[in-house]
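Observations on the model geometry
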Amino acid sequence: MGVVNVTPDSFSDGGLYASTNKAVQHAQRLIDDGVDILDIGGESTRPGSESVNEAEELNRVIPVIQALSDTNVAVSIDTSKPEVMRQAIKAGATMVNDVNALRAPGAIEAVKEECHVLVCLMHMQGEPRRMQKNPQYTDVVADVMDFLRQRLTIMQAAGITKERLIIDPGFGFGKTLDHNLELLRNLDRFLCLDVPILVGISRKSMLGTITGNAVDHRRYESIAAALLAVINGAKIIRVHDVKATKDALAVYVAVNDVV
Ligand code: 7PJ
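Now for a look at the structure at hand. Here the structure is a predicted model, which is why all the values come from computation and not from measurement. (Residues numbered from 1 in each chain as written. Predicted model: local features only at pLDDT ≥ 70, side-chain atom pairs only at ≥ 80, totals over all residues. Heavy atoms only, no water.)

1. Topic: the overall build of the chain
Formally: Secondary structure is summarised from DSSP: a helix means a run of H or I of at least four residues, a strand means a run of E of at least two, and numbering begins at the N terminus for each. Our radius of gyration looks at C-alpha atoms and nothing else; its globule reference is 2.2 Å times the residue count to the power 0.38. Under the scheme applied here, a residue whose accessible area is under 20% of the maximum for its type counts as buried, over 50% as exposed, and between as partly exposed, the area being computed with a 1.4 Å probe on protein chains only. Should any heavy atoms of two residues lie within 4.5 Å, those residues are counted as being in contact. Computed with the Shrake-Rupley method and a 1.4 Å probe, the accessible areas treat only the protein chains shown as cover for residues.
Within the chain one finds 9 helices and 8 strands. The C-alpha radius of gyration computed for the chain amounts to 17 Å, which stays within 12% of the reference 18 Å derived for 259 residues, consistent with globular compactness. Taken along its principal axes, the extent of the C-alpha atoms in the chain is 45 × 40 × 40 Å. When burial is assessed residue by residue, the chain has 51% of its 259 residues classed as buried. At a minimum sequence separation of 6, the contacts of the chain that also span at least 24 residues come to 66%. Summed over its atoms, the accessible surface of the chain is roughly 12600 Å², and 51% of this surface lies on carbon and sulfur atoms.

2. Digging into the packing of helix H8 (residues 219-231) against helix H9 (residues 242-256)
Just so we agree on the cut-off: All axes here are fitted lines through C-alpha atoms, helices being fitted over the stretch that makes contact, and every angle between N-to-C directions spans 0 to 180 degrees. An angle counts as roughly parallel when it lies under 35 degrees, as roughly antiparallel when it exceeds 145, as roughly perpendicular when it falls between 65 and 115, and as oblique in every other case. Less than a right angle of anticlockwise turn of the near helix away from the far helix marks a crossing as left-handed, whereas a clockwise turn marks it as right-handed. Under this grouping Gly is polar, as are all residues other than the nonpolar Ala, Val, Leu, Ile, Met, Phe, Trp, Tyr, Cys and Pro and the charged Asp, Glu, Lys and Arg.
The N-to-C vectors of H8 and H9 enclose an angle of 40 degrees; their axes lie 10 Å apart at closest approach. Classified by the angle between their axes, H8 and H9 sit oblique to one another. Helix-helix and strand crossings are classified by hand; for H8 and H9 the assignment is right-handed. Facing Arg 219, Ile 223, Ala 226, Leu 227, Val 230 and Ile 231 of H8, the residues of H9 in contact are Ala 244, Thr 245, Ala 248, Leu 249 and Tyr 252. Residue classes in the contact of H8 with H9 are distributed as 9 nonpolar, 1 polar and 1 charged.

3. Some details on the site of the ligand
To be explicit about the condition: When we say a residue is near a molecule or strand, we mean one of its heavy atoms is within 4 Å of it. Contacts described as polar in this section are N or O atom pairs within 3.5 Å, which, within protein, must combine one atom able to donate a hydrogen with one able to accept it, while residues neighboring in sequence count only if both atoms come from side chains.
In the vicinity of the ligand there are 13 residues, among which Thr 45, Asn 97, Asp 168, Lys 204 and Arg 238 approach most closely. Between an oxygen atom of the ligand and a side-chain N or O atom of Lys 204, the distance comes to 2.6 Å. At the level of secondary structure, the elements contributing two or more residues to the shell around the ligand comprise strand S5 (118-122) and strand S7 (198-200). Here the residues of the shell around the ligand sort into 5 nonpolar, 3 polar and 5 charged.

4. A look at the sheet that holds S5
Each strand in a sheet pairs with another by means of backbone hydrogen bonds, the pair being arranged parallel or else antiparallel. Short version of the rule: Any two strands with at least two DSSP-identified bridges between them are counted as paired.
Here we have 6 strands laid out as an open sheet, ordered S1-S2-S3-S4-S5-S6, and parallel in their pairing. Each having just a single partner strand, strand S1 (2-5) and strand S6 (165-168) make up the two edges of the open sheet. Put simply, the sheet's adjacent strands are angled 25 degrees from each other on average, direction ignored. Looking at chain direction, S5 and S6 are connected through 4 bridges and run parallel. Bridge pairing links Cys 120 to Ile 166 in S6.

5. Considering the pattern of salt bridges
Selection criterion: We define a salt bridge as a contact between a side-chain nitrogen of Lys or Arg and a carboxyl oxygen of Asp or Glu at a distance within 4 Å.
Counted according to the given criterion, the structure contains 12 salt bridges. Linking Glu 43 and Lys 81 is a salt bridge whose minimum nitrogen-to-oxygen distance equals 3.5 Å. One end of the pair, Glu 43, is in the loop between strand S2 (37-41) and helix H2 (54-68); the other, Lys 81, is in the loop between strand S3 (74-78) and helix H3 (82-91), and 38 residues separate them in sequence. When its relative accessible area of 17% is taken as the criterion, Glu 43 is described as buried.

Listed below in structure tokens is the structure:
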């Protein structure tokens, strides 16, 4: 899965049209690099970030999804807002990636009748603005597991079948470095939930804490983390550097003769 952020560049006055174009061009580059899923996001969920209103988020992501709807890669919408989910699906998205695990009122209803749409349920403690203030767990693996198990049960009770569901422990979302490492080390324990595991660690601050590198210089540590996640059971890896990650994982696939 390749990350496509649609956020206006505050340093240029190109406006929305320019940011749409830039995002589509970036997506095209990821397609050339061999991406399987494009994850389109119009609201930053980085620690400390403020939320974006619905109209603005729609203005950012819908034109990009429309422009990508006739390519042959899957399009995922990274949002927590039900109306954004609905319109993104109408525009051609076949996956909803929600860092809030469909907890917003109306979110389950927005996706449940769309039988062809996959849903990624991510664990997050708190909300982006304050989540890194003082994250606490009794046992991070058990706590995240309980949350995801509960969400999976709620989804299936609402009529969203298991084949449509994906889980994600949510690296960096209300977690210290130790919490993140504990989750990565024990990722295989989530296999018992019997749905594919998605992992997003690419360029995250947990990697910067380990290496001391700034966000735009975390390629090698991102690839190492991606490889560890795959070895420990992840099926989908959300990354910025698609080509580099694919090349690294090709060695793993060759050695293990898996697909
Ligand atoms: C994730 C995400 C992640 C899923 C972001 C960033 C923060 N969606 N969206 N998993 N992270 N499913 O990329 O630094 O880890 S935004």
